[in-house]
Structure formats: structure tokens, C-alpha cells
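Given next are the chains, with one letter for each unit.
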Amino acid sequence: MENRKLLLVDDVNLFLQLEKTFLTRRSFEIHTATNGDEAFQKARAVEPDLIVLDLHMPGMDGDVVCRLLKGDPDTSSIPVIMLSAAQKPEDRKRCLDAGCQAFLTKPVKKDELSHAVEEQLNLSVRDKLRVDVNWPCLVKVGDHKEAGSIRNLSEGGAFLAFDETLHMGSTVRLQFQIPGTSGMCNVSAKVCWSGRLTADGFPGYGISFQVVSAEDLEAIRDHISKIRSGSIGSLAVSL
């Protein structure tokens, strides 16, 4: 298979070099741009499989570039990961409203960027098969609790539909029930990326399970197997 093409866009060369270094584990064909206009022109010329785009740039901000890309039939299907140095909820909303698939805060960590890129390019480990679900859950951050829902699941992580602000790299605790079981699953997870599961879907976060009991992990695996075999549907449950 041909190497996937990535377009990295940032007006600061240091960040471009860091991103390139972070992504050397896979044999990507990497292209770069240092401003919005160059990014838009290169996206049309190179036709990358993925664009990593800085939000704040001189001349044309990343969200403007993203809207141009999503409004052009030739580039509208290219997934965009946007980066911002400011950890502001309004920046995240601004990027998601522009149509990006994922949002990360700078300085981005290697595992966060790698995970987001792999998610958007469907390069996750093949034995961690994903299924669509719709399970309500409780999200605990410290002593604070809010309702969310799990919309996409593998034995290694999930997409958490959640409108509150979570910081990249932070740890959350989730409590949810798997249909057909009587007990509650309690897992600890790391926030890896922020975005939307689909272009018009609810905003949320890609999370990686960190601490899961053997019993809960087996229940998750069993449920995924049943969904994939068609023996059960992806039924919603209530807490």
C-alpha cells in the first residue's frame, strides 16, 4: 500500500519539525506549509490523506482555511486535525464549527498526535475492533460528575460524546452499564483527542482506557464480538 500523505501546517518551524519527528514511527509522506494560503494551495495540489492545521497563523487563521477546504469539493473529504496553543472552550468550538475532525492543544504530545492521526486514518491496531454503541455514562473529573454517552467502542478505548471541556492528556473516570449485564463498569481513561465522531455528530473526545478490571474488559470484548457477529444490536441502555 502507498504511504499515506500528510500535510502539516504551522507558521513556527519548530512546531513543524516536532510534528514530523512525532510521526516518524510510520512511513508517512509528509508535506508542510507555513501559512493559510499555502496550505490551501498545497491541499489541492498534493491531495493529502490528512491535514494537521494550526489555528492561529498570520494572514489567514486555521479555521478560515478549514472552512475553505470543507467548502471545496476537491478537498472537503480530507480529515483535518486542528491545533491551538490556547486551551479555551471557544477555540475548540471555533475549530469544530469550521468542520475539523479533531482538536488538540499545543504543545501537543507525541502520543496524543499519533493517536489522533491513527484514529482519523483508521490505522488503529487491527485487533482492537470498533463498534457503534449508544450508552449513557457518568463522567467523573476529580469530584465533579457529568452525564455523557459512549458512541463508539473498542477494547482499548471509546469516543465519549461530551459537551464539557476536558484537557488533552487528562484522566477521567467513566461509569457505564453494558446491555445484558447487571453490574456497572468503572474504568479510568486518558483524553487523547477532541472532535466529532462524524461531520455533523455531537462533539466529544477520543479516550484511551488506562485502568480496566479483567471482568469489565472481558464483558466489553464479549459485547463487541456479539455486535460484530450480528447476534445482538447496539442497543442503548439507561443508568
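Residues numbered from 1 in each chain as written. Predicted model: local features only at pLDDT ≥ 70, side-chain atom pairs only at ≥ 80, totals over all residues. Heavy atoms only, no water.

S.K.: Would you take a moment to explain empty space enclosed by the protein for this structure?
M.R.: Empty space among the atoms becomes apparent when a probe as large as a water molecule is rolled across them. The tally for this structure, following the rule as stated, stands at two cavities of 30 Å³ or more. Roughly 80 Å³ of internal volume is contained in the largest cavity. Gln87, Lys88, Pro89, Arg92, Phe103, Thr105, Thr165, Leu166, His167, Met168 and Tyr205 are the residues that line the largest cavity. Only helix 4 (89-98) and strand 5 (102-105) provide two or more residues apiece to the lining of the largest cavity. Split by residue class, the lining of the largest cavity holds five nonpolar, four polar and two charged. (1 Å grid on protein atoms, 1.4 Å probe; cavity = no way out; pocket = protein on both sides within 12 Å on 5 of 7 lines; lining within 4 Å. Points joined across faces, edges and corners; volume = space filled by probe spheres on them. Helix = DSSP H or I, 4+ residues; strand = E, 2+ residues; numbered from the N terminus. Nonpolar A, V, L, I, M, F, W, Y, C, P; charged D, E, K, R; others polar.)

S.K.: Would you explain the packing of helix 3 (residues 62-71) against helix 4 in this entry?
M.R.: Helix packing for two helices is described by the angle between their axes and how far apart those axes are. Following both chains from N to C, one finds helix 3 and helix 4 inclined at 20°, their axes separated by 8 Å at the closest point. In terms of axis orientation, helix 3 runs roughly parallel to helix 4. Judged by the twist between their axes, the crossing of helix 3 over helix 4 is right-handed. Here Asp63, Cys66, Arg67 and Lys70 of helix 3 come into contact with helix 4, specifically with Arg94, Asp97 and Ala98. Split into classes, the residues belonging to the contact of helix 3 with helix 4 amount to two nonpolar, no polar and five charged. (Axes fitted to C-alpha atoms, helices over the stretch in contact; angles between N-to-C directions. Parallel < 35°, antiparallel > 145°, perpendicular 65-115°, else oblique. Left-handed = near helix turned anticlockwise from the far one by under 90°. Contact = heavy atoms within 4.5 Å.)

S.K.: Would you explain the side chain of Arg92 in this entry?
M.R.: Looking at where Arg92 falls in the secondary structure, it is placed in helix 4. Ignoring sequence-local partners within four residues, the contact set of Arg92 consists of Phe103, Phe162, Asp163, Glu164, Ser194, Pro203, Gly204 and Tyr205.

S.K.: I keep staring at the nonpolar core and nothing clicks. Help me out?
M.R.: Buried together is how nonpolar side chains tend to be arranged in soluble globular proteins. Among the nonpolar cores identified, the biggest contains 47 residues, and Ile81, Leu104, Val117, Leu153, Phe176 and Ile207 are the most heavily contacted of them. At six residues, the largest contribution of residues to this core is made by strand 10 (residues 185-196). With residues near it in sequence (within four places) discarded, Leu153 still touches Leu129, Arg130, Val131, Val133, Trp135, Ala158, Phe209, Ile220 and Ile224. (Core = buried A, V, L, I, M, F, W, Y, C linked by side-chain atoms within 4.5 Å. Buried < 20%, exposed > 50% of the residue type's maximum accessible area, 1.4 Å probe, protein only.)

S.K.: How should I be thinking about a nonpolar patch on the surface in this particular structure?
M.R.: A cluster of nonpolar side chains, Val12, Leu14 and Leu18, forms an exposed patch at the surface whose accessible area comes to about 240 Å². Residue position: Leu14 is located in helix 1 (residues 13-22). (Patch = residues over 30% accessible without salt bridge, like charges linked within 9 Å, V, L, I, M, F, W, Y side chains within 5 Å. Areas by Shrake-Rupley, 256 points an atom, 1.4 Å probe, with all protein chains shown as cover. Salt bridge = Lys/Arg side-chain N within 4 Å of Asp/Glu carboxyl O.)

S.K.: Before we go on, may I ask you to explain helix 2 (residues 36-46) in this structure?
M.R.: Because an α-helix packs 3.6 residues into every turn, residues spaced three or four apart end up facing the same way. Listed in full, the buried residues belonging to helix 2 are Gly36, Ala39, Phe40, Ala43 and Val46. Buried residues of helix 2 fall within an arc of 150° about the axis and therefore sit on the same side. Sitting at the head of helix 2, Asn35 places a side-chain oxygen 3.2 Å from the backbone nitrogen of Asp37. Residue Glu47 follows helix 2 closely and has a positive phi angle near 55°. (Arc of directions from axis to C-beta. Polar contact = N/O pair within 3.5 Å; in protein donor to acceptor, adjacent residues only side chain to side chain.)

S.K.: Even after reading the chapter, I still don't get the confidence of the model for the protein, so can you show me in this structure?
M.R.: Close inspection of predicted coordinates is inappropriate for parts of the model with low pLDDT. Averaged over all residues, the pLDDT of the protein equals 87, while 91% of them reach at least 70. The low-confidence segment residues 235-239, where pLDDT is below 50, has 17 contacts with residues more than four positions distant or belonging to other chains. (pLDDT = per-residue confidence, 0-100.)

S.K.: How should helix 4 be read in this particular structure?
M.R.: Turning to helix 4, its buried residues are Asp91, Arg92, Cys95, Leu96 and Ala98. Within helix 4, the buried residues cover an arc of 160° as seen down the axis, which keeps them to one side. Packed against the buried residues of helix 4 are helix 3, strand 4 (80-84), strand 5, strand 10 and strand 11 (203-211). Looking one or two residues beyond helix 4, the residue adopting positive phi is Gly99, at roughly 110°.

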